[in-house]
Structure formats: structure tokens, C-alpha cells
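Read off the chains here:
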Amino acid sequence: QVQLVESGGGLVQPGGSLRLSCVASGSILSIGTMGWYRQAPGKQRELVARITSGGRATVADSAQGRFTISRDNAKNMLYLQMNSLKPEDTAVYYCNAEGLRRDYVPFNSWGQGTQVTVSS
């Protein structure tokens, strides 16, 4: 009953920028940690960045200094600002959120993914 939908992916040249968005909807009482993950062809899914409900952020070493994660709790929105993009950033990016439903049942939901391609 909790759905996540990502948007903002696309094709960008090396050095360019993209801003990904994710909106959570459904029977939500509260959301704890939200995060962005990515999966490149032939590789395992990996954590890119995560952020707690209080705004404490963690960014993977590969994205340090280039990516910024943020959220808007009032809108149930999650963002990922990606700057100085590299070809190795090419992947499907997934939004994740955990929390409590209105019936107090915990949830851990994933979005459908959005493609980010960094290429000349």
C-alpha cells in the first residue's frame, strides 16, 4: 500500500548534471530512512546515498563531493542532485523507503527505477 515513483533520469554528457526525484504515497504513517540505490549492467545493486528522517545523510565514496541527497518530509519527497557525472554513474537508479503504515505495519518499498545514462 506504499508506492514509490522515481523521475528525472535521462541521457547526459560527462560532466553534466541531473536531479532525480522520488515521491512516496499510500497508507503512510511515518517514513524513516530513505535512500537511493543503483544497478549498472553486470553489477550488483549498490547504495548511493541515504538520509534519515532527521536529515542526516550518508553518501557512498564513489559519489562523495558530487551527489547530494535531500528530502521534503511534508511532501514525502526524496531527491538526488547529481553533478559532475561520469560514465561509471550509468545505471538504473532506485528509490527506497522504510517506515510505518497507518495500520502500524512496517514497510520497506522500492520504486520502479529510472535510467541514468552518462555518455558522449
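All of the points below concern the structure found in this document.

**Regarding the state of the cysteines**
Joining two cysteines, a disulfide is a covalent bond between their sulfur atoms. In the structure shown here, the tally under the stated rule is one disulfide. A sulfur-sulfur separation of 2.1 Å characterises the disulfide bridge that pairs cysteine 22 with cysteine 95. The chirality of the disulfide connecting cysteine 22 with cysteine 95 is left-handed, given an S-S dihedral of about -75°. Of this pair, cysteine 22 sits in strand β3 (residues 18-26) while cysteine 95 sits in strand β9 (residues 91-101), placing them 73 residues apart in sequence.

**So, the pairing of strand β4 (residues 28-39)**
Regular strands place their side chains on alternate faces of the sheet. In terms of strand pairing, β4 meets β9 through nine bridges, oriented antiparallel. Following the sheet pairing, isoleucine 31 is matched in β9 by glycine 99. Pairing geometry for β4 and strand β5 (residues 46-51), over five bridges, is antiparallel. The residue bridging glycine 35 from the neighbouring strand is arginine 50, located in β5. If you look at the hairpin formed by β4 and β5, you'll find six residues sitting between the two strands, and glycine 42 has a positive phi there, around 75°.

**What about the environment of tryptophan 110?**
Among the structural elements, tryptophan 110 can be located in strand β10 (residues 106-110). Considering only alpha carbons, one finds tryptophan 110 and tyrosine 37, 73 residues apart in sequence, at a separation of 9.7 Å. The contacts of tryptophan 110, once residues within four sequence positions are left out, are Leu4, Tyr37, Arg45, Tyr94, Cys95 and Asn96.

Rules used in this analysis
Residues numbered from 1 in each chain as written. Predicted model: local features only at pLDDT ≥ 70, side-chain atom pairs only at ≥ 80, totals over all residues. Heavy atoms only, no water. Disulfide = S-S within 2.5 Å. Helix = DSSP H or I, 4+ residues; strand = E, 2+ residues; numbered from the N terminus. Pairing = 2+ DSSP bridges. Contact = heavy atoms within 4.5 Å.

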